[in-house]
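Listed below are the residues making up each chain.
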Amino acid sequence: MSRGPLVARLQGIGQQRQQAEQQDNGVLHQGGLSGSGQPWRQRAKPDRLPEHDLKYDTPTRDIVFPPATRHTQRASQEAESRVPTPRQFSKKTSTSNMLRLKTSSANAQAPYRVDFVLLEHFSMASFTVAMDVLVTANLLRADSFQFTPLSMDGDRVTSDLGLELVATELSAGALKALDLLVICGGLRTPLKYPELDRLLDDCAAHGMALGGLWNGAWFLGRAGVLDDYGCSIHPEQRASLSERSPQTRITPASFTLDRDRLSAASPNGAMELMLGLVRRLYGDGLAEGVEEILSFSGARYRQVGPGAKKSMSLHLRTIVELMENNLEETLSLDQLAAYSGRSRRQIDRLFQAQLGTSPRRYYMELRITKSRRLLQYSDLSVMEVAVACGFVSVSHFSKCYAAYFGYPPSREQRLGE
């Protein structure tokens, strides 16, 4: 980006767009705009004050302010440095910024312990994607999960890719404080390991949750801990599991989360399975935050609310794409309406019904999100970031940024420098 014409570009932006941004940010500026986006109704000023019959005997006196003391100066400095309370992102864009938002630790709970038993030629893709979900969840919410890879003999385990992974030896004593034990198999995993039968039966007797990746459910079925449960298993082993464990309900789904039995038949299923576990333990917010990072293409055009897996309507998706492609030179609501073939009222209804927010607020949060990413992962100055995200001045950009994150853009972590 050229640095020379920045000032000229800033001066060329009209007053109308500045007022629209003030309206978006919900802050009362010297333009007469309220936080709701409606102009304040100003009363006409009278030529002179009205007379009244009240009279005061107290003589007027000049107010004399005491000289500034060290205490008052310190209080003033503390007030200036006090960080404002961050403004809440709407639900749709909060997942994109969850990594930078501070979460409350008031309801802290012990980490959920998950161990993975890696069998010979286990599916590396299924295992790593399941682990990736848990690691990312810990980035967004510290100490949500603890996990350990285990092996039957405590030695290196060879994956289906020929890569070896060092794992801890599996022992019954180490499983006492465990919440979930997952058996990780693969396409070429031999159907042996008879010692697993007794171990899995004991775990089930103690109420431990059990899971299987790829053909891991086959070992659960052989141990008799899948009776009256639904499960997912790779198609190559479905017939064998059906003969071995006829009381098991084998589904064609890529993953199944049935009470305290979790199973996935593919790497994609492993991700959905772990996301379901995160959602069950910690709620939709954390699961959507993880999905936003690992599977952003699937979550990009998704509604919020009860229909979390429901995609946006075509009309709303068109408007969102217009917004995303015009963050530097923002479009007005009238322009969005003209380009999308919808009225302003229809646009507002679409956003409220499917995203739970207004189009103005969503547009502003898209710009704030882009600015945060540029600050973190580029070497652009604060002024250049402000211009790239359609803000008319650095001061207004700083005010909007601090309103959401609780600190100015100059204090953002810079990873691109």
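Described in the following lines is the structure provided in the data block. Keep in mind that what you see is a predicted model, and the values were worked out from it rather than measured.

A closer look at the overall build of the protein chain
No. 1: Helix and strand counts for the protein chain stand at 17 helices and 11 strands.
No. 2: Per element, the accessible surface of the protein chain, about 23,200 Å² overall, is 50% carbon and sulfur.

Let's talk about the sheet that holds strand E7 (residues 209-213)
No. 1: Taken together, seven strands build an open sheet; the order of strands is E5-E2-E1-E6-E7-E11-E10 and the sheet is mixed. If you trace the sheet from one side to the other, it starts and ends with strand E5 (168-169) and strand E10 (255-258), each paired once.
No. 2: Across the sheet, helix H5 (residues 124-140) is in contact with strand E1 (112-118), strand E2 (145-151), strand E6 (180-184) and E7; its angle to E2 comes to roughly 155 degrees.

Some words on the environment of Cys-400
No. 1: Within the secondary structure, Cys-400 is located in helix H17 (residues 394-405).
No. 2: Residue Cys-400 is classed as buried on the basis of its relative accessible area, which comes to 0%.

Regarding a negative patch on the surface
No. 1: A surface patch of like charges, here negative, comprises Asp-153, Asp-155, Glu-164 and Glu-169.
No. 2: Considering the arrangement of structural elements, one finds Asp-153 in the loop between E2 and strand E3 (156-158).
No. 3: On the basis of relative accessible area, Asp-153 is assigned to the exposed category, the value being 54%.

Remarks on the packing of helix H15 (residues 359-377) against H17
No. 1: Contact pair H15 / H17: the axes reach a minimum separation of 11 Å and the direction vectors enclose 95 degrees. One finds that H15 runs roughly perpendicular with respect to H17. Here Arg-361, Met-364, Glu-365, Ile-368, Ser-371, Arg-372 and Leu-375 of H15 come into contact with H17, specifically with Phe-397, Cys-400, Tyr-401, Tyr-404 and Phe-405.
No. 2: The residue makeup of the contact of H15 with H17, split by class, is eight nonpolar, one polar and three charged.

Points about the pairing of E6
No. 1: Of all the five residues making up E6, five are buried; the element is thus mostly covered by neighbouring parts of the structure.
No. 2: Covered by surrounding structure in E6 are Leu-180, Val-182 and Cys-184 together with Leu-181 and Ile-183, the residues of both alternating faces.
No. 3: Sheet topology note: the E1/E6 ladder contains five bridges and is parallel. Its bridge partner lying in E6, Leu-118 is registered against Cys-184.

A few points about the packing of H5 against helix H9 (residues 267-282)
No. 1: At a minimum axis separation of 8 Å, H5 and H9 run at an interaxial angle of 30 degrees. What the angle tells us is that H5 and H9 run roughly parallel. Judged by the sense of rotation from one axis to the other, the crossing of H5 with H9 is right-handed. On the side of H5, the interface is formed by Ala-125, Ser-126, Val-129, Ala-130, Val-133, Leu-134 and Ala-137, while H9 contributes Pro-267, Ala-270, Met-271, Met-274, Leu-275 and Val-278.
No. 2: When its residues are assigned to classes, the contact of H5 with H9 shows 12 nonpolar, one polar and no charged.

Here we look at the environment of Arg-411
No. 1: By the element assignment, Arg-411 lies in the segment after H17.
No. 2: Since its relative accessible area comes to 56%, Arg-411 is described here as exposed.
No. 3: A C-alpha to C-alpha distance of 9.7 Å links Arg-411 and Leu-375, two positions 36 residues apart in sequence.

Description of the nonpolar core
No. 1: Within the largest apolar cluster, 35 residues are counted, with the highest numbers of intra-cluster contacts made by Tyr-112, Val-114, Phe-116, Phe-145, Leu-180, Cys-184 and Leu-213.
No. 2: The element best represented in this core is H5, accounting for nine residues.
No. 3: Not counting the four nearest positions on each side in its chain, Phe-145 is found in contact with Pro-111, Tyr-112, Val-114, Leu-134, Ala-137, Asn-138, Leu-277, Val-278, Leu-281 and Tyr-282.
No. 4: Residues Leu-196, Leu-220, Val-225 and Leu-241 belong to the second largest nonpolar core, which totals 26 residues.

Points about the pattern of salt bridges
No. 1: Scanning the model with the defined rule gives 10 salt bridges in all.
No. 2: In this structure, Arg-261 and Asp-260 form a salt bridge, with 3.3 Å as the shortest nitrogen-oxygen distance.
No. 3: Taking the shortest distance from any N to any O, the salt bridge between Glu-321 and Arg-317 comes out at 3.7 Å. Taken together, the residues Glu-321 and Arg-317, both in helix H12 (residues 314-324) and four residues apart, mark about one turn of the helix.
No. 4: Judged by its relative accessible area of 31%, Glu-321 is partly exposed.
No. 5: A cluster of three or more residues bridged by salt bridges with shared partners is formed by Arg-249, Asp-258 and Arg-259.

Looking at the side chain of Ser-151
No. 1: Mapped onto the elements of the fold, Ser-151 is located in strand E2.
No. 2: By relative accessible area, Ser-151 is classed as buried at 1%.
No. 3: If near-sequence neighbours (up to four positions away) are discounted, Ser-151 is found in contact with Leu-118, Val-157, Ala-167, Thr-168, Glu-169 and Leu-170.

Overview of H15
Each turn of an α-helix holds 3.6 residues, which means side chains three or four residues apart point in the same direction.
No. 1: For H15, with 19 residues, the first-to-last C-alpha span of 27 Å sits near the 27 Å given by 1.5 Å per residue.
No. 2: Of all the 19 residues making up H15, 14 are buried; the element is thus mostly covered by neighbouring parts of the structure.

Things to note about helix H13 (residues 333-340)
No. 1: Within H13 the residues assigned to the buried category are Leu-333, Leu-336, Ala-337 and Ser-340. Buried residues of H13, viewed axially, fall in a sector of 100 degrees; they line one side. Across H13 from its buried face, at more than 90 degrees, point the exposed residues Ala-338 and Tyr-339.
No. 2: Packed against the buried residues of H13 are H12, helix H14 (344-354) and H15.

Here we look at unusual backbone geometry
No. 1: Even without being a glycine, His-121 presents a positive backbone phi close to 60 degrees.
No. 2: Although it is not a glycine, Arg-259 sits at a positive phi angle of roughly 55 degrees.
No. 3: Among the secondary structure elements, Arg-259 is positioned in the loop between E10 and strand E11 (261-264).
No. 4: For Arg-259, a relative accessible area of 46% puts it in the partly exposed group.

Basis of the calculations
Residues numbered from 1 in each chain as written. Predicted model: local features only at pLDDT ≥ 70, side-chain atom pairs only at ≥ 80, totals over all residues. Heavy atoms only, no water. Helix = DSSP H or I, 4+ residues; strand = E, 2+ residues; numbered from the N terminus. Areas by Shrake-Rupley, 256 points an atom, 1.4 Å probe, with all protein chains shown as cover. Pairing = 2+ DSSP bridges. Contact = heavy atoms within 4.5 Å. Axes fitted to C-alpha atoms, helices over the stretch in contact; angles between N-to-C directions. Buried < 20%, exposed > 50% of the residue type's maximum accessible area, 1.4 Å probe, protein only. Patch = residues over 30% accessible without salt bridge, like charges linked within 9 Å, V, L, I, M, F, W, Y side chains within 5 Å. Salt bridge = Lys/Arg side-chain N within 4 Å of Asp/Glu carboxyl O. Lys, Arg positive; Asp, Glu negative; His and termini not counted. Charge placed at Lys NZ, Arg CZ, Asp CG, Glu CD. Parallel < 35°, antiparallel > 145°, perpendicular 65-115°, else oblique. Nonpolar A, V, L, I, M, F, W, Y, C, P; charged D, E, K, R; others polar. Left-handed = near helix turned anticlockwise from the far one by under 90°. Core = buried A, V, L, I, M, F, W, Y, C linked by side-chain atoms within 4.5 Å. Expected span 1.5 Å × (residues − 1). Arc of directions from axis to C-beta.

The quantities given are spatial measurements derived from coordinates; they are silent on function.
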